[in-house]
Amino acid sequence: MTLQEERQRKEDEEAKKRADDEAKKKKVLSNMGAHFGGFLAKVEQRRGKRQTAREIKKMTLAERRKPLAIENLREDGLRKRAKEMWEWIYQLESEKFDLTEKMKRQKYEINVLLNRIQHAQKL
């Protein structure tokens, strides 16, 4: 009888252990589900920020890009519109050139300062 009681006790312990394991799994899964939901929310926030940046870029470009509106213009209107567009392009190109030259000058100044630092460290 002690052998049967021992087996019964072991089976009961195993059943209890399995039930505890199942409860732990359910708890972990529910917690993971809750945390995973938080993870998804964070991913959505990041994506939202990225989309916002894209939308800002689109809005900025839309402001800069003027519609052609040349469908109902005659020759003199087309010439006037072409002149406006040419002036706009000229202005943008001159700004681009100025910024490029400024960047070149700043890179040169950075190199000069780095050389001075290296020379000062050698002394």
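Report on the accompanying structure. (Residues numbered from 1 in each chain as written. Predicted model: local features only at pLDDT ≥ 70, side-chain atom pairs only at ≥ 80, totals over all residues. Heavy atoms only, no water.)

**As for the pattern of salt bridges**
Stage number 1. Tallying each qualifying case throughout the model produces six salt bridges.
Stage number 2. In this structure, E13 engages R9 in a salt bridge whose closest nitrogen and oxygen atoms are separated by 2.6 Å. Taken together, the residues span about one helical turn, with E13 and R9 both in helix α1 (residues 2-64) at a distance of four residues.
Stage number 3. Residue E13 is classed as partly exposed on the basis of its relative accessible area, which comes to 44%.
Stage number 4. By relative accessible area, which is 41% here, R9 ends up partly exposed.
Stage number 5. For E75, the salt bridge is made with R79, and the minimal N-O distance between the two is 2.7 Å. Here E75 pairs with R79, and both are found in helix α2 (residues 75-122), just four residues apart, close to one helical turn. (Salt bridge = Lys/Arg side-chain N within 4 Å of Asp/Glu carboxyl O. Helix = DSSP H or I, 4+ residues; strand = E, 2+ residues; numbered from the N terminus. Buried < 20%, exposed > 50% of the residue type's maximum accessible area, 1.4 Å probe, protein only.)

**Re the layout of surface pockets**
Stage number 1. In this model, the largest pocket occupies a volume close to 170 Å³.
Stage number 2. R64, R65, K66, R81, E84, M85, W88 and I89 together form the lining of the largest pocket.
Stage number 3. The leading source of residues in the lining of the largest pocket is α2, at five residues.
Stage number 4. Here the lining of the largest pocket is built from residues that sort into three nonpolar, no polar and five charged. (1 Å grid on protein atoms, 1.4 Å probe; cavity = no way out; pocket = protein on both sides within 12 Å on 5 of 7 lines; lining within 4 Å. Points joined across faces, edges and corners; volume = space filled by probe spheres on them. Nonpolar A, V, L, I, M, F, W, Y, C, P; charged D, E, K, R; others polar.)

Structural measurements only, silent on function.
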